[in-house]
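# Structural features, examined
Chain by chain, the residues:
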Amino acid sequence: MDEPIKRMDWLRREIREHDHLYYVRNEPRITDQQYDELFAELKALEARHPELVTPDSPTQRVAGRPLGEFATIRHSIPMLSVDNTYNADELRAFDERVRKQLGQADYDYVVELKIDGLAVSLRYEQGVLATGATRGDGEVGDDVTTNIRTIRSIPLRLHADAYRIEGVPPSSRGQDARDTQGRDALATRIPAVLEVRGEVYMPTKSFAALNKIRAEAGEPAFANPRNAAAGSLKLLDARITATRNLSFFAYAIGEISEPLADDHWHALQRLKDLGLPINPHVQKARDIAEVIEICISWADRRSKLDYQIDGMVIKINRYDQRDILGATGRAPRWCISYKFPAERARTVVESIAVQVGKTGALTPVANLQPVLLAGTTVKRASLHNFDEMQRLDVRPGDTVLIEKAGEIIPQVVEVRKEFRPEGAEPFPVPTQCPVCGSEAVRRKNEVALRCANPTCPAVTREAIVHYASRGGMDIEGLGEKVVDQLLDAGLIRDLADLYSLRAEDVAALDRQGETSASNLIEAIGESKGRDLTRLLNALAIPHVGEETALLLARHFRSMDKLLEASLDEFLDREPGKKKVTPKIPGVGEVMARAIVEDLSRPDKRERIHRLMVAGVNMLLQSGPAPSQSSLSGKTVVITGTLKTLSRQQAEQAVREAGGKVSSSVSKKTDFVVAGEDPGSKLQKAQGLGVKVLDEEQFKKLLAGKDV
């Protein structure tokens, strides 16, 4: 038995050594095939001797079964947020505050890339990874240890450079070459308790590959690598997380049993010695001028990285000076971030196409020469509407600048007319629908052009996709590809036909099958019980989104009463006077006219009647009266990630409580609900004196309790 024990011990050490060389030192010394051979040998030995498997073995990264739910972990030292700056003047103002507090003392900075991922805390005890937790609210985070273990760049056991024998290549060492020298060194160099803070992120190539797989499966794509990383780390099945190729950079120390260094720069080097990857682009700066120079230099260079960054983090280097500077309730005074302006990319408009939406709206879209922007390859950008297209004067062949609105939706922001090719002609505003050839019309007081044909195939398709979407009737499994299959096979011609589908017909479609078909039919059946608010949002009524759908549902209480309503039910119009007063706050004249007109159409009424016959709920389900809620009439902004509610669920809860959801913070905002990684909205709220709620306080308000 001694021989297998020695061999397994040597293999584990050797694999850890090569993980360290690959992920931390960026100095691989063996080929992937040689590494795989070592791993396969260890796995085979452990299969023959399961009693000898250790928890920190490289083979034990992936848990065998899903979790039921995440437990929580209280951080021994709070994980504070970082205040933001957006220009050089604000950085100089930060430096001036530091100078005043430190007096005449000399100080320097450490400047780090601000990785766009998910903040986590790793706790090592006696050199072995014990727990991994998300930042959460800064005090308490989710226990994601099982998922953290799947990340190959995170060592399960800490490593020390002294543990390596100088001059002896790793591949040529004997089984116990380091038994005495190595273990003694390890015991003296690794703290008994070490809590490491860092960022879990998804490399750009992994993000693109993941979205390709999701698109082929008919699943919605992740908006950006940060969302993909956060979603992957919060999966209950670590086996799926293991396929997502997440990575990690360490950037700070939390609780520690003995100091690693007197300053941050040397502490980072010690973390690297212990086997933890730190970002290779960390720099020291003598003063704020050098800090600014470094920050500006990365604004252009960041596109060459294989991961996304959204700024730089500037930290006072010496720990004793950090103690003098201290912290506010939420952020340290010795640290600040510099956020980059929205990233732009230059490309060429190859053509302009017209897209037909769920309400028949015709939208111009620029087809672009593929260009990398904020971590993803962009091939299309919205031009919003034809008035905007003409204002920008975008033409096929033009060189344009694009950026991502909210870091998500690509849009054209500028035309570089000096590069316009000779003979480039303006794109004509269409007079007909590009799909069905029907007249393109513009309703009174509207910017959008619309297809006049209510049975246009493109309108029908988009209306069904919207009806089934998460914000609509939330029919799981009914994505765009399945909708296309159902339409192409002639199984449906309208969204009301969904409720006549049979499982055997769906199962006959490509890539379906009995189980998928049965699940889809069940999900369609479940949608019948959705609230009237969801139904109104799902029906693609012009100007009616989640907010307006809730207002209409609360006012009319049933679909029948809404269908009976004339314009006078919406508006107070005094005879002989131009002044019009809305009877439903939030539903103005333009919106009211569009709603009444749309619901008066015979095809829309026929669709609603068929849904009614199919058993779809047409009533507002009972709930607490909005007037009894502490959120009634209040404006709420939700920022960051909540632990128990999705963003959509939280916003819906605000609306159901009689409040209004806003996307931006202003003096008119009553509450800001701040979850994990809240961003600049939290900082703005604090600057304006807006009341900030955590998730528990938010739930208390929803329940009618005071906070």
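Residues numbered from 1 in each chain as written. Predicted model: local features only at pLDDT ≥ 70, side-chain atom pairs only at ≥ 80, totals over all residues. Heavy atoms only, no water.

Further remarks concern the overall build of the protein. In terms of regular secondary structure, the protein is built from 24 helices and 24 strands. The globule rule puts the C-alpha radius of gyration for 707 residues at 27 Å, and the 29 Å found for the protein is close to it. Its C-alpha atoms put the protein at 95 × 70 × 65 Å along the principal axes. Among the 707 residues that make up the protein, the fraction classed as buried is 49%. A sequence separation of at least 24 residues applies to 68% of the contacts in the protein between residues at least 6 apart. Within the structure as shown, the protein displays about 34,100 Å² of accessible surface, and the carbon and sulfur contribution to it stands at 49%. Within the protein, the 103 negative side-chain charges are centred at a point lying 3 Å from the centre of the 99 positive side-chain charges. (Helix = DSSP H or I, 4+ residues; strand = E, 2+ residues; numbered from the N terminus. Rg over C-alpha atoms; globule rule 2.2 N^0.38 Å. Buried < 20%, exposed > 50% of the residue type's maximum accessible area, 1.4 Å probe, protein only. Contact = heavy atoms within 4.5 Å. Areas by Shrake-Rupley, 256 points an atom, 1.4 Å probe, with all protein chains shown as cover. Lys, Arg positive; Asp, Glu negative; His and termini not counted. Charge placed at Lys NZ, Arg CZ, Asp CG, Glu CD.)

Grouped together as the largest cluster of nonpolar side chains are 52 residues, with contacts concentrated most on Tyr467, Ile475, Leu498, Leu535, Met559, Phe570 and Leu611. Elements represented by at least two residues in this core include exactly α13 (457–468), α14 (480–488), α16 (514–526), α17 (532–538), α18 (546–556), α19 (559–564), α20 (589–600) and α21 (602–614). Contact partners of leucine 611, with chain neighbours within four places excluded, come to Tyr467, Leu495, Ala496, Tyr499, Leu535, Leu539, Val616 and Met618. Counting 35 residues, the second largest nonpolar core, distinct from the first, contains Val196, Phe207, Ala230 and Leu233. (Core = buried A, V, L, I, M, F, W, Y, C linked by side-chain atoms within 4.5 Å.)

Turning to the confidence of the model for the protein, a few remarks are in order. Of the residues in the protein, 90% reach a pLDDT of 70 or more, and the chain-wide mean stands at 84. Across residues 162–188, where pLDDT falls below 50, the model places 42 contacts with residues more than four positions away in sequence or in other chains. Segment residues 623–627: pLDDT under 50, and seven contacts once partners within four positions in sequence are set aside and those in other chains are kept. (pLDDT = per-residue confidence, 0-100.)

Think of an α-helix as 3.6 residues a turn; residues three or four steps apart then line up on the same face. With seven of its nine residues buried, helix α7 (residues 225–233) lies for the most part within the structure. For α7, every residue scored as buried is listed here: Pro225, Arg226, Ala228, Ala229, Ala230, Ser232 and Leu233.

This part is about the sheet that holds strand β22 (residues 660–662). Strand order in the open sheet formed by four strands is β22-β21-β23-β24, with parallel pairing between adjacent strands. With one partner strand each, in any of the chains shown, β22 and β24 (691–693) form the two edges of the open sheet. Neighbour-to-neighbour, the strand axes of this sheet turn through a mean angle of 30°, independent of strand direction. Sheet strands touched by helix α23 (residues 680–688): β21 (635–639), β23 (671–674) and β24. Its angle to β24, the strand with the most contacts, is close to 140°. This element, helix α24 (residues 695–702), spans β23 and β24 of the sheet and lies at about 100° to β24. (Pairing = 2+ DSSP bridges. Axes fitted to C-alpha atoms, helices over the stretch in contact; angles between N-to-C directions.)

This structure, assessed with the given rule, holds eight aromatic pairs. Taking 5.7 Å as the distance between ring centres and 90° as the angle between the ring planes, the aromatic pair formed by tyrosine 107 and tyrosine 109 counts as edge-to-face. Centroid distance tyrosine 338 to phenylalanine 340: 6.0 Å. Interplanar angle 85°. Geometry classified as edge-to-face. The class of tyrosine 338 is buried, set by a relative accessible area of 9%. A residue is classified by how much of its surface remains accessible, and phenylalanine 340, at 8% relative accessible area, is buried. The side chain of arginine 301 reaches across the aromatic face of tryptophan 298, ending 3.9 Å from its centre. One cation-aromatic arrangement involves arginine 322 over tryptophan 334; the distance from NZ or CZ to the ring centre is 4.0 Å. (Phe/Tyr/Trp six-rings, centres within 6.5 Å; stacked < 30°, edge-to-face > 60°. Lys NZ or Arg CZ within 6 Å of the ring centre and 35° of its normal.)

Moving on: the environment of leucine 260. Tracing the sequence through the fold places leucine 260 in the loop between β8 (247–256) and α9 (264–273). On a C-alpha basis, the gap between leucine 260 and alanine 192 in space is 12 Å, while along the polypeptide they are 68 residues apart. Setting aside chain neighbours within four positions, we find leucine 260 in contact with Pro191, Leu194, Ile253, Ala267, Arg270, Leu271 and Leu274.

Our focus in this paragraph is the pairing of strand β3 (residues 109–115). For β3, the tally of buried residues reaches six of seven residues, placing the bulk of the element in the interior. Note: β3 against strand β9 (residues 283–285), three bridges, orientation antiparallel. Residue tyrosine 109 lies in a different strand from β9, and its bridge partner there is alanine 285. For β3 and strand β10 (residues 309–316), the ladder comprises six bridges, and the chain directions are antiparallel.

Spatial ordering of the open sheet is given by β5-β4-β7-β8, a layout of four strands whose pairing is antiparallel. One side of each edge strand has no neighbouring strand; the edge strands of this open sheet are β5 (128–134) and β8. Looking at each pair of strands side by side, their axes are set apart by 30° on average, direction ignored. Summarising the sheet, strand β4 (residues 118–125) and β5 pair through six bridges and their orientation is antiparallel. If you follow tyrosine 124 over to β5, its bridge partner there is leucine 129.

Below, the discussion takes up the state of the cysteines. The final tally for this structure, using the stated rule, is zero disulfides. Here cysteine 295 stays free of any disulfide, with the sulfur of cysteine 335 as its closest cysteine sulfur at 12 Å. Accessibility expressed as a relative area gives 1% for cysteine 295, which makes it buried. In this structure cysteine 433 is not part of a disulfide, and its nearest cysteine sulfur, from cysteine 451, lies 3.7 Å away. Assessed through its relative accessible area of 3%, cysteine 433 is described here as buried. (Disulfide = S-S within 2.5 Å.)

There is a patch of like negative charges on the surface, built from Asp474, Glu476, Glu522 and Glu526. Position of glutamate 526 relative to the elements: it lies in helix α16. Residue class for glutamate 526 comes out partly exposed when judged on its relative accessible area of 47%. (Patch = residues over 30% accessible without salt bridge, like charges linked within 9 Å, V, L, I, M, F, W, Y side chains within 5 Å. Salt bridge = Lys/Arg side-chain N within 4 Å of Asp/Glu carboxyl O.)

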